[in-house]
Amino acid sequence: MASTIPDPRPGAEGAHTAPPDTERAGRVEVHGIDHIPDAERHGRPRELFSVWAAANVNYLSLVIGGALVLMGLSLWQALGVIVVGNLFWLLTGVLAISGPAAGAPSEVITRAMYGVRGNRVNNAVTGWTISVCYFALNLAAAASAAFALVAKTGLPTNTVVKTAVVLLIAAVTLTISVYGHALIVKLYLPITLALTAAFGVVAYVVLLHADFGYAPPQGRLSGADLWATLLAGVTLIAAGPLSYTTSADFSRYLPRTASSRAVMGWTALGGFLPSVAVCSLGALAATTVDMSDPQTALEALLPGWFTPVFLLALVLGTIAINALTAYSAGLALQAVGIRIRRSLSVVVDGVVASSLTLYALLVSNFLDTVSNVLQLTVVLLGPATALYATDIALRRNRYDGQALMDESRTSPFWYSAGFGVPGALALGAGVTAAALCVNTLYTGPIAAALGGIDLSLPVGIAVTAACYALLRPRV
């Protein structure tokens, strides 16, 4: 599905050179949602592996893995759900191939689906609002670990200290996001190696204590209850990869000649492997300790000297995932139509997310919040991802990056008064179908008729893809 647009630059095939001065790790990234010129394209697809791997060795994955066992699944059922749910990283990889083809971020490429004006609405909801919510959830996870680390120093963990910790973690995260793409690519390989070493120790300890024959003490689920729990678990896991409808943001600096298979493969593998490993650790730990409070439970298993290292690893992993989230949220804010520098838009995202985090930590139940938000967002994220992937397939990944920059009424993506009607109708149909099938904060009529089985994920994806394939004009 590689782009067939020829590269006009001499020697383009040997494009794996050092990045130009405008794309250095020590400089604030100058590009926002504008098109990346061919002369500034560089790197290899394999660099994407560490970008996605560092972002997926994190506390939230431990929480979700443990939650599967708390939901009543046996160990082997939970591990099966983890593998199946993480296969959705393949879709994240598919979306990433549009970056090198267009030389633009996902927030701009989706103009091809929704139209210039319709895409502003898409970015306001799918791009910005959901990204900020994920930023807040991950920041809350990092802060919880940091609070425990602070407590070990003897300092009081009162509201003032907690607020300071949240703001400090947010500041570090936003600094990475503000400096942008080059710093992310440079930092994330050593971060991946450090996190792998730390979680390797955790894995060793957990495997020593895990009960591989574990079955729920209340008895094994069966029939409709089992299927309802299995599908809810897959939805919970799949929410992670499906939240990255912005994966082209991190591949758009690659040369247009980059292999689509390599871009897709390294992106998907970078998300899949660490997500499966860390979620599985959470599930394995839940066979021997109470993972309703994962951090405290795991500290009880780990040697005392390693506990501070473990807590630091949790914070570092969450900073890594949130730097990507904040980066994309900043681009989404620009794509909404707000005339603001990318660096400043990232700061705005951080302020909003930090406020939400303080609420989540000081007011609400964190584990319940995570579960409800992740399951409910799939009602929108599943159809949105399906529509994007279907458009890539129908266009054979041929995107004109320069034309996508045109927001005027003469733009080829102005469509009907600025709206892509086929895209809007297909997304609306998919979201409606998913909402009828959901069973999380509320129970849709179809889920109720099926005894609580939540089919929102497969139904939303299938309906959206089918409707868009039927409605979109052939070009």
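Every value quoted in this text rests on a predicted model; they were computed, and no experiment measured them.

Asks: How would you sum up the packing of aromatic side chains? Please name residues and give values.
Replies: Counting across every chain of the model gives 8 aromatic pairs. Ring geometry for Trp 305 against Phe 306: centres 5.4 Å apart, planes inclined by 75°, an arrangement best described as edge-to-face. Put simply, the rings of Trp 52, Trp 89, Tyr 244, Phe 250 and Tyr 327 pair up and form one aromatic cluster.

Asks: If you had to explain helix H18 (residues 421–437) to someone new, which residues and values would you point to?
Replies: Turn by turn, an α-helix covers 3.6 residues, leaving residues three or four places apart pointing in a common direction. End to end, H18 covers 24 Å across 17 residues, agreeing with the expected 24 Å (1.5 Å per residue, within 8%). Looking only at H18, the buried set comprises Gly 423, Ala 426, Leu 427, Gly 430, Ala 433, Ala 434 and Cys 437. Across the axial projection of H18, the buried residues extend over an arc of 130°, all falling on one side.

Asks: Any details on the side chain of Ser 411? Residues and values, ideally.
Replies: Tracing the backbone through its elements, the reader meets Ser 411 in the loop between helix H17 (401–404) and H18. A relative accessible area of 6% places Ser 411 in the buried class. Polar contacts involving the side chain of Ser 411 include one to the main-chain carbonyl oxygen of Asp 406, which spans 2.9 Å. If we skip the residues at most four places from it in the chain, Ser 411 touches Val 116, Ala 403 and Asp 406.

Asks: Outline unusual backbone geometry, supporting the account with residue identities and numerical values.
Replies: Positive phi, close to 55°, is recorded for Arg 396, a residue that is not glycine. Mapped onto the elements of the fold, Arg 396 is located in the loop between helix H16 (366–395) and H17. Residue classification places Arg 396 among the exposed positions, given a relative accessible area of 56%. Positive phi values are uncommon outside glycine, yet Asn 397 reaches one of about 60°. Inspection of the secondary structure puts Asn 397 in the loop between H16 and H17.

Asks: Any details on the nonpolar core? Residues and values, ideally.
Replies: Judged by nonpolar contacts, the single largest core of 141 residues is most densely connected at Leu 62, Ile 109, Met 113, Tyr 188 and Phe 310. Not counting residues within four places of it along the chain, the set of residues in contact with Ile 109 comprises Ser 98, Gly 99, Ala 102, Ala 104, Ala 248, Tyr 388, Tyr 399 and Leu 404.

Asks: So what about the packing of helix H1 (residues 47–55) against helix H10 (residues 181–209)? Which residues, and what values?
Replies: Packed helices, taken two at a time, are described by their axes: the angle between them and the distance between them. Orientation of H1 relative to H10, taken along the N-to-C sense of each, is 60°, at an axis distance of 8 Å. As summarised for this structure, H1 and H10 are arranged oblique, according to the angle between their axes. When the axes of H1 and H10 are compared, the crossing they make is left-handed. Across from Glu 47, Ser 50, Val 51, Ala 53 and Ala 54 in H1, the residues of H10 making contact are Ile 184, Val 185, Tyr 188, Leu 189, Ile 191, Thr 192 and Leu 195. Along the lines of polarity and charge, the residues of the contact of H1 with H10 split into 9 nonpolar, 2 polar and 1 charged.

The rules behind each value
Residues numbered from 1 in each chain as written. Predicted model: local features only at pLDDT ≥ 70, side-chain atom pairs only at ≥ 80, totals over all residues. Heavy atoms only, no water. Phe/Tyr/Trp six-rings, centres within 6.5 Å; stacked < 30°, edge-to-face > 60°. Helix = DSSP H or I, 4+ residues; strand = E, 2+ residues; numbered from the N terminus. Expected span 1.5 Å × (residues − 1). Buried < 20%, exposed > 50% of the residue type's maximum accessible area, 1.4 Å probe, protein only. Arc of directions from axis to C-beta. Polar contact = N/O pair within 3.5 Å; in protein donor to acceptor, adjacent residues only side chain to side chain. Contact = heavy atoms within 4.5 Å. Core = buried A, V, L, I, M, F, W, Y, C linked by side-chain atoms within 4.5 Å. Axes fitted to C-alpha atoms, helices over the stretch in contact; angles between N-to-C directions. Parallel < 35°, antiparallel > 145°, perpendicular 65-115°, else oblique. Left-handed = near helix turned anticlockwise from the far one by under 90°. Nonpolar A, V, L, I, M, F, W, Y, C, P; charged D, E, K, R; others polar.

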